[in-house]
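In case you want the letters, here they are:
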Amino acid sequence: MRCEHLKSIGAGPLDLLVLGGGIVGAGIARDAASRGLRTGLVEQHDFASGTSSRSSRLLHGGLRYLAQGRLGLVHEASVEKKIIHHIAPHLAAPLPFIFPTYADNQDWALWQLKIGVKIYDLLCNGRNLGRAAWLNRAEIFQKIPGLRPDNLTGAVRYFDGFTNDARLTIDTLRSASRHGADIFNYCRFVNAKPGKFWECHLEDRLNQQPIKIRARTVVNATGPWADGLPHSHVKLRVTKGIHLVVDQSRLPVSDTVVMAEGKRILFAIPWGERTILGTTDTDYNGAIEQVAADSGDVHYVLRVTNRFFPNAALTGNDIISSWAGLRPLLADPNGNPSDIARSHKIHTLESGWWDVAGGKLTTHRLMAEQTVDQIVRWLRRHHQFNDPVAPCSTAEEPLLPKTETSGISGITPPEFSRETVEHFCTQEWARHLDDVMIRRTSWKHYLKDDSAWAAQAADWMAQVLNWDTSMKAKELERYLQPRK
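Every chain is numbered on its own, with residues counted from 1 as its sequence reads. Residues qualify for local features only when their pLDDT is at least 70, as the model is predicted, and side-chain atom pairs are given and counted only at 80 or more; totals for whole chains, interfaces and linings, by contrast, use all residues. Neither water nor hydrogens contribute to the side-chain values; these are computed over all heavy atoms in the structure.

Asks: How do you make sense of the overall build of the chain when you look at a structure like this?
Replies: Helical segments are the DSSP runs of H or I of at least four residues, strand segments are the runs of E of at least two, and each set is numbered from the N terminus. The helix and strand tally for the chain stands at 14 helices and 18 strands. The globule rule is 2.2 Å times the number of residues to the power 0.38, and the radius of gyration it is compared with is taken over C-alpha atoms. Computed over C-alpha atoms, the radius of gyration of the chain comes to 22 Å, within 12% of the 23 Å expected from 2.2 N^0.38 for 484 residues, which places it in the range of a compact globule. When the backbone C-alpha atoms are referred to their principal axes, the chain occupies close to 70 × 55 × 45 Å. In this scheme, a residue with accessible area under 20% of its type's maximum is buried, one over 50% is exposed, and one in between is partly exposed, where area comes from a 1.4 Å probe on protein chains only. Looking at the chain as a whole, 60% of its 484 residues are labelled buried.

In structure tokens:
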């Protein structure tokens, strides 16, 4: 069935083939399909398996970028976080942040932050997800018991959004599919030959079959893989960030706490019954598929957290899970990774081929709109493209009906059940155990003793996907490999 479907879309040319099933590729596919373009998307691994399931899960304008004077970037992202809250309320919860300031850190002065958070609200067109304020010492300790008291000078409280990055990607792909896009994971782009159409050579990795697809236009939206593709002209500086998950009882925070060490900031983020700690920001030169949280990363995050919450005394034994991801930043050899702008770039140096790079989770929808705008103009100039093309509606149209997200998609994981596992396999392209345990649900990062839950999920998946005993054992082995 899958092979036949892949071959069938090669029968006639696509208007657009998107390479990459992360949040940016998903957004482009949704935008293009909703405008009426014949759209396909392929991803060599599982959807959201790279950067788009390994972020801090924040929808934010970036108070740090405001401190760097990048007002345009902050405004752009601040408007977009509100749009995501509108079109996907199940995946965009208002999240209060408390930023305590200390006399021994002159990089973040209280008076500057007081001005900054007010400007921050204004850059959301005066309609942020909540109103900024500042707190005195008594109010701080009421909201954040256990915070280090010495040298504390005050705090500001402001709002951003909290999401589930992988679920936002999957639901965006589901929306694209509802609009007619053909979506395939485990389908690798091999090469492409330009001509009247781009002749694209793909490999169906599930069936080890070569596939040829013709497309009028191609978009490279492969994140940290972008500069390694044939025809790509992207230059990236890839940095690594890690996150740790601990039980809420070990670090009970109801608001996100900003922990500043010099100019660098880390977060303690409340996530249901858990707390997420992170992130780091360091250059990375290793294999993309092998990125992981090493002992130095873990030590750094625990050290900073324990400095702000000395009574918690967190150790490695408190870590329920961790993840590590890569940020595909536009190349800039100068300065610290944290100082590189999270701006994006859309460019075309070969006719009909676009590279889309940089940006961040919060601005993916805008990146998609700008990309498809360029593609539509190019199609009309070069292909006498007279088919009706609807205007962009992705800022207004809900991602999915509530009936298709309730009990399935949210910021915290869904109930562990056979019904949900079957849904992910039959309706959301899940083919491997880690597809379900990590990207469809976050059960790996949320549930304690996740291996026992994984064994049960594998039993259910085996019945839906017709795995034999050997295949089920291989799936469990794959899932338990260190890098997930």
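Asks: Any chance you could explain a nonpolar patch on the surface here in plain terms?
Replies: A surface patch of nonpolar side chains, about 400 Å² in accessible area, is lined by Leu-71, Trp-111, Ile-115 and Ile-119. Top element by residues in the nonpolar patch is helix H5 (residues 110-123). It accounts for three residues. Relative to the elements of secondary structure, Leu-71 occurs in helix H4 (residues 71-87). Residues enter patches when they are more than 30% accessible in relative terms and free of salt bridges; like-charged ones are connected within 9 Å and nonpolar ones (Val, Leu, Ile, Met, Phe, Trp, Tyr) within 5 Å. Here, Shrake-Rupley sampling with a 1.4 Å probe gives the accessible areas, and only protein chains in the shown set may cover a residue. Salt bridge criterion: a side-chain nitrogen from Lys or Arg within 4 Å of a carboxyl oxygen from Asp or Glu.

Asks: Just checking my understanding: could you explain the pairing of strand E14 (residues 274-278) for this structure?
Replies: Two faces belong to every sheet, and in a regular strand the side chains alternate between them. With respect to burial, E14 is a largely interior element, five of its five residues being buried. Where burial is concerned, the two faces of E14 agree: the one with Arg-274, Ile-276 and Gly-278 and the one with Thr-275 and Leu-277 are both buried. Here five bridges tie strand E11 (residues 236-247) to E14, and the two strands are oriented antiparallel to one another. If you follow Leu-244 over to E14, its bridge partner there is Leu-277. Bridge count for strand E13 (residues 264-271) against E14 is five bridges, and the pairing is antiparallel. In the strand pairing of E14, Ala-268 is matched with Leu-277. A pair of strands is labelled paired if DSSP reports no fewer than 2 bridges between them.

Asks: How do you make sense of the packing of helix H2 (residues 23-35) against helix H9 (residues 364-382) when you look at a structure like this?
Replies: Between two packed helices, the angle of one axis relative to the other and the distance separating the axes together describe the packing. For helices, the axis comes from a line fit to the C-alpha atoms of the stretch in contact; other axes are also lines fit to C-alpha atoms, and the angle between any two N-to-C directions lies between 0 and 180 degrees. One way to put it is that H2 packs onto H9 with a least axis distance of 8 Å and a crossing angle of 50°. The orientation of H2 with respect to H9, classified from their angle, is oblique. For the pair H2 and H9, the crossing hand works out as right-handed. Residue-level contacts link Ile-23, Val-24, Gly-27, Ile-28, Asp-31, Ala-32 and Arg-35 of H2 to His-364, Met-367, Ala-368, Glu-369, Thr-371, Val-372, Asp-373 and Val-376 of H9. Under this scheme an angle from 65 to 115 degrees is roughly perpendicular, one under 35 degrees roughly parallel, and one over 145 degrees roughly antiparallel; angles in between are oblique. The crossing is said to be left-handed when, going from far helix to near helix, the turn is anticlockwise and less than a right angle, and right-handed when the turn is clockwise. The contact rule is simple, with two residues in contact once any of their heavy atoms fall within 4.5 Å.

Asks: What am I meant to see in the nonpolar core here?
Replies: Side chains of nonpolar character tend, in soluble globular proteins, to be buried together. The definition of a nonpolar core used throughout is a set of buried Ala, Val, Leu, Ile, Met, Phe, Trp, Tyr and Cys residues joined through side-chain atoms within 4.5 Å. Judged by nonpolar contacts, the single largest core of 50 residues is most densely connected at Leu-63, Phe-99, Tyr-158, Phe-162, Val-421, Leu-433 and Trp-443. Listed in part, the 43 residues of the second largest apolar core include Val-18, Ile-28, Ile-83 and Val-219.

Asks: Looking at this structure, how should I read the pattern of salt bridges?
Replies: Pairs can form between side chains of opposite charge whenever their charged atoms are close. One pass over the structure, following the stated rule, counts 35 salt bridges. Asp-31 serves as the salt-bridge partner of Arg-35, at 2.6 Å between the closest nitrogen and oxygen. Taken together, the positions of Arg-35 and Asp-31, both in helix H2 and four residues apart, correspond to about one turn of that helix. Asp-31 carries the same exposure label as Arg-35, and that label is buried. A single salt-bridge network, built from bridges that share partners, covers Asp-46, Asp-434, Asp-435, Arg-439, Arg-440 and Arg-478.

Asks: Help me understand H9, please; the structure alone is not making it clear to me.
Replies: Along its 19 residues, H9 runs 27 Å from first to last C-alpha, staying within 8% of the 27 Å computed at 1.5 Å per residue. Where H9 is concerned, the buried positions are His-364, Arg-365, Leu-366, Met-367, Ala-368, Thr-371, Val-372, Ile-375, Val-376, Trp-378 and Leu-379. Downstream of H9 by a residue or two, Gln-384 has a phi angle that is positive, lying close to 45°. To estimate how far a helix should reach, multiply one less than its number of residues by 1.5 Å.

Asks: How should the packing of aromatic side chains be read in this particular structure?
Replies: In this description, a pair of aromatic rings is defined by centroid distance and the angle of the planes. Any two rings among Phe, Tyr and Trp, with Trp reduced to its six-membered ring, count as a pair given centres within 6.5 Å; such a pair is stacked if its planes are under 30 degrees apart, edge-to-face if over 60, and tilted if neither. As enumerated under the stated definition, the model contains 14 aromatic pairs in all. For the ring pair Phe-189 and Trp-353, a centre distance of 6.0 Å and an interplane angle of 55° mean the geometry is tilted. Here Phe-189, found in strand E8 (residues 187-193), pairs with Trp-353, found in strand E18 (residues 353-358); they are 164 residues apart in sequence, far enough to count as distant. The class of Phe-189 is buried, set by a relative accessible area of 11%. Residue Trp-353 is classed as buried on the basis of its relative accessible area, which comes to 1%. The ring of Phe-308 carries Arg-148 above its face, with NZ or CZ at 5.9 Å from the centroid. Charge-over-ring placement is defined geometrically: NZ (Lys) or CZ (Arg) within 6 Å of the ring centre, and within 35 degrees of the ring normal. Between the NZ or CZ atom of Lys-444 and the centre of the ring of Tyr-479, over which it lies, the distance is 5.1 Å.

Asks: What's the story with the side chain of Asn-220 in this structure? I'm lost.
Replies: Turning to its location among the elements, Asn-220 is positioned in strand E10 (residues 209-220). Asn-220 sits in the buried class, given a relative accessible area of 0%. Think of a polar contact as two N or O atoms within 3.5 Å of one another; within protein, one of them needs to be a possible hydrogen donor and the other a possible acceptor, and neighboring residues in sequence only count if both atoms come from side chains. Within polar-contact distance, the side chain of Asn-220 engages the side chain of Thr-222 at 2.7 Å. A polar contact is formed between the side chain of Asn-220 and the side chain of Ser-232, at a distance of 3.4 Å. Those residues within four positions of Asn-220 in sequence are excluded, and the remaining contacts are Leu-19, Ala-226, Leu-229, Ser-232, Val-234, Trp-353, Trp-354, Asp-355 and Val-356.

Asks: Looking at this model, I keep getting lost on the side chain of Arg-30. Mind explaining?
Replies: Tracing the backbone through its elements, the reader meets Arg-30 in helix H2. We note that Arg-30 is buried and unpaired, the nearest opposite charge coming from Glu-397 at a distance of 4.6 Å. Polar contacts involving the side chain of Arg-30 include one to the main-chain carbonyl oxygen of Glu-397, which spans 2.9 Å. Non-local contacts of Arg-30, meaning those with residues more than four positions away in its chain, are made with Ile-87, Thr-172, Ser-175, Ala-176, Thr-394, Glu-397, Pro-398 and Leu-399. In this count, Lys and Arg are taken as positive residues and Asp and Glu as negative ones, while His and the chain termini are left out.

Treat this as a map of the structure, not an account of what it does.
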